[in-house]
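If you want the building blocks of each chain, they are given just below.
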Amino acid sequence: MRKIFTVISLLIPLLAIAQASPQQAPSEAVTADTPSSGTSRAMPLRYEIWVTLDPARKMLHGRETIRWTNTTRDTVPDIWFHLYWNAFKNEKSAMMREARKEGLGEDSHGDFDVRDGNWGWIDVESIRLQGGGDLTPAMEFMAPDEPRHPDDRTVMRLKLPRPLAPGKAVGLELAFKAKVPRTIRRSGYYHNGYFLGQWFPKPGVYEEGQGWNCHSYHLNSEFFADFADFTVHITVPRGYVVGAAGREIARSDDPQAGTTTHTFLQERIHDFAWTADPDYIRLERDFIAAREVSEKEYLEVAGALRLPLEQVRLPDVKMILLINPEHRGQVERHFQALRMALKYYGLWYGPYPYPQVTMVDPPFRSGSGGMEYQTLFTAGTQVLPTPQANLPEMVIVHEFGHGYWYGLSASNEFEEAWLDEGLNTYSTGKVLAKAYGPGSVPFTLAGIPLTRYCGSFKYSDLELDRMAAVHASRLDPVVAASWRFASSVSYGMNVYMRAATNLRTMENLIGKEAMLRVMRAFQTRFRFRHPRSRDFIATASEVSGRDLGWLFDELFFTANDWDYAVDSAVSREVRAARGVFDRGGRKAETSRRMARRQDREKKEKTYVTRVRVRRLGEARPGGGVRLKVLTVFEDGTRKVEGWDGQGRWTEFTYEGRSKVAYAQVDPETIFLIDRDLSNNSYVARAKSAGALRWSAKLQFWLQNLLQFASALI
């Protein structure tokens, strides 16, 4: 999810200044080996859920069967569950306490300004072994994270009646009810519109030798779960339009109750979200690969990736759109953006593996826009979008893209959020640049797109990301647990924008095609798995053929600045030397007058040029990488040197017949993470170059102003 969108939308204008009835689940107790399945792709985790929406009371009533197989070599004594909606239960939850710490909450007029009666929660009413005994008394709440929040109720532990041996499976039946909150953290209701994410009891991820990875729901954290097969029966009042993860396989009406039950099925996903609103317009289109991708494009991508042509061909995909009536005029913009996302994410990072994807224009004022779930995501637009800005296209491409980095290579967003947010921010920028080019500033006032009337200041994602990244480096490392960042602003700027800028720096170092192969290899190798940062680093080093560990040590695992500068570039005329010299066995003095005469009699002047380069930050290159230092002389002569950048300064000396014009460190701007690009060059003579130098300084000052403004949000 691009949480930082709100911050950026406020900062950009500164630059312009510069059921069918519930079915009974089959009885199963704790059993041996792999669970049976009608397909060869059965997952170690399977859900069947029956849920009924009660709009009058804003309640969910649900039953859930879970079958979990222990695929590790450990004997497992318990199962830990996420109960995410208890984060919205009261002001003592971890999330609410962290929000208050940042000044969010009452009178903040945002997500956390919860009015009386609008709280949300989830209760597990009962839990039992399938065909066995009642385990409800064995439930207890846990506070797994430091600092501890003992009153948090978002993690529940269930002690099993007997430990589960390797290869064994357990079947559980749960009954639960949940109060739907007035929308908070992109889940809840507004009037008759509902968007429901993280709404059911969900096991954490068991890690061999370490136990359950099941963190509390924190202010900045998103989610981590195991891949599973889902069958979900959703009962809503008749007339509601329903969208959900997966594909709808059945629908039945109950005239007496006035309800409709929609059944959805999806294999190999780790999350399930749904939405219901009587006002939705439901539309379908088909992504037909043969129409969207030319043979030339396939050949180009296959060549760059060094893959057989058949491995880059794309499948057809059903596109479903749920859109509000007031946005109907934007239907084609939504579908076109989704086509671009399916095309370029598919070509570059691997074919989309599911037969359908659902795009939701979220309910009015629901606060649920710009969020990703597998095979379903929410977009975000306004009644009067500006044609010059890439909105809603930017949100659509970005949230669909999460289906790759959060969805398919399912990293742990609690602990290493950059593996989703950073990789996807980088990928979004690449796709938008290819499909749309730079966009205009999406500056609005009271919903009116002023971009239509005040000109178009063009920007790229690269520029916006760098703008935030250079400030984020002093706050926190990119790789850190989500609740351990200094603030939400630091979290957003580091895991989204600084990570993306670091990745673009890596691309500059290894080349565009090598970077494409790195991203493709990581995505395809770790599909339906849980990769870590070390997996990405190893993949990047292997595929590129270069040791890139240093880049992550310096730019991802530390809060260090990267800042190199040309301190001075000065040429001085070589003059005759004064003093006493030994000549022919005798001492002779060269006086000032004699030295001046010798200088006048020289046919050509010569100069000694000294260029001094400094390291102002703590981060520095490794792996044999050398910084380029370019010196250009007035006669056009160019000298390029390499520096390992380890010391605090170095100096290059030249002697010749021309004076220095300017000098520049990192002239190709490989290191986009450099905090202050205005000090990367030194111009010996002012002229118009001085204005350029000061305009670069002005840009840097604006960046600081933007940083100050973002701290207020």
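Here we summarise the structure given alongside this text. For every chain, the first residue of the written sequence is number 1, and numbering continues from 1 along that sequence. Local features in this predicted model are restricted to residues whose pLDDT is 70 or higher, and side-chain atom pairs enter the listing and the counts only when it is 80 or higher, whereas totals over whole chains, interfaces and linings include all residues. Computation of side-chain values: all heavy atoms of the structure, hydrogens and water removed.

Here's the deal with the overall build of the protein chain
Just so we agree on the cut-off: Numbered from the N terminus, helices here are DSSP runs of H or I no shorter than four residues, and strands are runs of E no shorter than two. Note on exposure labels: buried denotes an accessible area under 20% of the residue type's maximum, exposed denotes more than 50%, and partly exposed covers the range between, all computed with a 1.4 Å probe on protein chains only. Throughout, the Shrake-Rupley method with a 1.4 Å probe supplies accessible areas, and for residues the shown protein chains are the sole cover considered.
Each helix and strand counted, the protein chain has 14 helices and 35 strands in total. Counting every position in the protein chain, which comprises 713 residues, the buried fraction comes to 56%. Carbon together with sulfur atoms contributes 50% to the accessible area of the protein chain, which is approximately 29,900 Å² in total.

Focus on the pairing of strand E28 (residues 579-583)
Consecutive residues of a regular strand have side chains that alternate between opposite faces of the sheet. Formally: By the convention used here, strands pair only if DSSP detects at least 2 bridges between them.
Note: E28 against strand E29 (residues 586-590), five bridges, orientation antiparallel. In the sheet register, Phe581 faces E29, and the bridge partner there is Ala588.

Notes on the sheet that holds strand E30 (residues 607-615)
Heads up, the condition is: For helices, the fitted line uses only the C-alpha atoms of the stretch in contact; every axis is such a line through C-alpha atoms, and the angle between N-to-C directions lies from 0 to 180 degrees.
Pairing within the open sheet is antiparallel, and its three strands lie in the order E27-E30-E33. Of all the strands in the sheet, the pair left with one neighbour each is strand E27 (564-573) and strand E33 (649-656). Each strand of the sheet is rotated relative to its neighbour by a mean of 15°, with strand direction disregarded. The sheet contact formed by E27 and E30 spans nine bridges and is antiparallel.

Thoughts on unusual backbone geometry
The general pattern is negative phi for most residues beyond glycine and trans for most peptide bonds. In this model, Glu146 is joined to Pro147 through a cis peptide bond whose omega is -5°. Topologically, Pro147 is positioned in the loop between strand E5 (139-141) and strand E6 (155-164). A positive phi is found at Arg186, a non-glycine position, where the angle reads about 65°. Mapping Arg186 onto the fold places it in the loop between strand E7 (169-179) and strand E8 (188-190). With a relative accessible area of 6%, Arg186 lands in the buried category. Backbone geometry at Asp666 places phi at a positive 55°, although glycine is not the residue there. For Asp666, the position within the fold is in the loop between strand E34 (660-665) and strand E35 (681-683).

What to know about the environment of Tyr354
The test is simple: What qualifies as a polar contact is a pair of N or O atoms within 3.5 Å, subject to a donor-acceptor requirement within protein and to the restriction that residues adjacent in sequence count only when both atoms come from side chains.
Within the secondary structure, Tyr354 is located in the loop between helix H5 (331-349) and strand E20 (356-360). What makes Tyr354 buried here is its relative accessible area of 6%. For the pair Tyr354 and Ile269, spaced 85 residues apart in the sequence, the C-alpha separation amounts to 9.8 Å. A distance of 2.6 Å separates a polar side-chain atom of Tyr354 from the backbone oxygen of Arg268.

Details of the packing of aromatic side chains
We apply this condition: Stacked, tilted and edge-to-face are the three classes applied to pairs of Phe, Tyr and Trp rings, where Trp contributes its six-membered ring and a pair requires centres within 6.5 Å; stacked means planes under 30 degrees apart, edge-to-face means over 60, and tilted covers the rest. Should the NZ of a Lys or the CZ of an Arg lie within 6 Å of a ring centre and within 35 degrees of the ring normal, that charge is described as sitting over the ring.
Scanning the model with the defined rule gives 41 aromatic pairs in all. Ring centres of Tyr345 and Tyr349 lie 5.5 Å apart, and the angle between their planes is 65°; this geometry places the pair in the edge-to-face category. One end of the pair is Tyr345 and the other is Tyr349, both in helix H5 and four residues apart, which spans about a single turn. Accessibility expressed as a relative area gives 0% for Tyr345, which makes it buried. Its end group placed over the ring of Trp50, Arg63 keeps NZ or CZ at 4.3 Å from the ring centre. The side chain of Arg268 reaches across the aromatic face of Phe528, ending 3.8 Å from its centre.

Regarding the nonpolar core
Here is the rule we go by: Put simply, a nonpolar core is a bunch of buried Ala, Val, Leu, Ile, Met, Phe, Trp, Tyr and Cys residues held in one set by side-chain atoms that sit within 4.5 Å of each other. By convention here, the domain bounds are inherited from an automatic or database domain assignment. A contact between two residues is defined here by any heavy atoms of the two lying within 4.5 Å.
Membership of the largest hydrophobic core comes to 186 residues, with the highest contact counts inside it found for Trp199, Phe272, Trp274, Trp418 and Phe536. Both of domain 1 (44-226) and domain 2 (564-690) provide at least three residues apiece to this core. Setting aside its immediate chain neighbours within four residues, Trp418 contacts Leu423, Val478, Val479, Val495, Ala499, Leu503, Ser533, Phe536, Phe552 and Phe556.

Description of the pairing of strand E13 (residues 228-237)
The buried fraction of E13 amounts to nine of the ten residues, a majority that puts the element mostly inside the structure. Pairing between strand E1 (residues 45-54) and E13: seven bridges, direction parallel. Pairing of Arg46 across the sheet is with Asp229, part of E13. Bridge count between E13 and strand E16 (residues 259-269): nine bridges; the pairing is antiparallel.

Considerations on a positive patch on the surface
This is how the line gets drawn: A residue counts toward a patch only above 30% relative accessible area and without a salt bridge, and it is joined to like-charged neighbours within 9 Å or, for Val, Leu, Ile, Met, Phe, Trp and Tyr, to nonpolar neighbours within 5 Å. When a carboxyl oxygen of Asp or Glu is within 4 Å of a side-chain nitrogen of Lys or Arg, the pair counts as a salt bridge. As used throughout, the charge tally considers Lys and Arg to be positive and Asp and Glu to be negative, leaving His and the chain termini uncounted. Each charge is placed at NZ for Lys, CZ for Arg, CG for Asp and CD for Glu.
Taken together, the side chains of Arg578, Arg592, Arg593, Arg596, Arg597 and Arg600 define a basic patch exposed on the protein surface. The topology assignment puts Arg600 in helix H13 (residues 592-601).

Points about the pattern of salt bridges
One side chain can pair with another of opposite charge once the charged atoms of both are near each other. On inspection of all chains with the given rule, the structure shows 35 salt bridges. Glu297 is the partner of Lys343 in a salt bridge, and the nearest nitrogen-oxygen pair spans 2.8 Å. With a gap of 46 residues between them, Lys343 in helix H5 and Glu297 in helix H4 (residues 295-305) connect regions that are remote in the sequence. Residue Lys343 is classed as buried on the basis of its relative accessible area, which comes to 6%. Notably, a salt bridge pairs Asp465 with Arg504, separated by 3.0 Å at the nearest N-O pair. With Asp465 in helix H8 (residues 461-472) and Arg504 in helix H9 (residues 488-510), this residue pair connects regions lying 39 residues apart in the sequence. Of the two residues, Asp465 and Arg504, both sit in the buried class. Several salt bridges share partner residues, and in doing so they unite Glu207, Glu415, Glu416 and Arg532 into one network.

Notes on helix H6 (residues 393-408)
Put simply, the test is: Under the convention used throughout, the expected extent of a helix is 1.5 Å for every residue step, that is, one less than its residue count. Here the bend at a residue means the angle between the axes of two seven-residue stretches, the one that ends at it and the one that starts at it.
Over its 16 residues, H6 runs 22 Å from end to end, which matches the ideal 22 Å to within 8%, given 1.5 Å per residue. At His402, H6 is bent by approximately 25°, the largest bend along its length. Along H6, 16 of the 16 residues are buried, which leaves the element largely enclosed by surrounding structure.

Side note on the packing of H4 against H5
The test is simple: Only Asp, Glu, Lys and Arg are considered charged, only Ala, Val, Leu, Ile, Met, Phe, Trp, Tyr, Cys and Pro nonpolar, and every remaining residue, Gly among them, polar.
The geometry of H4 relative to H5 is characterised by a closest axis approach of 9 Å and an angle of 35° between their N-to-C directions. Residues Glu297, Tyr298, Val301 and Leu305 of H4 touch H5, and the partners they reach there are Lys343, Tyr344, Leu347 and Trp348. Looking at the contact of H4 with H5, its residues break down into six nonpolar, no polar and two charged.

Things to note about the packing of helix H7 (residues 418-435) against helix H10 (residues 512-525)
Think of two packed helices as two axes; the pair is described by the angle between the axes and how far apart they sit. Note the cut-off: By the definition adopted for this analysis, an angle is roughly parallel if under 35 degrees, roughly antiparallel if over 145, roughly perpendicular if from 65 to 115, and oblique otherwise. A clockwise turn of the near helix away from the far one marks a right-handed crossing, whereas an anticlockwise turn of less than a right angle marks a left-handed crossing.
Contact geometry for H7 and H10: axes closest at 13 Å, N-to-C directions at 135°. Considering their axes alone, H7 and H10 lie oblique with respect to each other. With respect to the hand of their crossing, H7 and H10 are arranged in left-handed fashion. Counting all contacts with H7, which are made through Leu419, Leu423, Tyr426, Ser427 and Lys430, the residues of H10 involved are Lys512, Met515, Met519 and Phe522.

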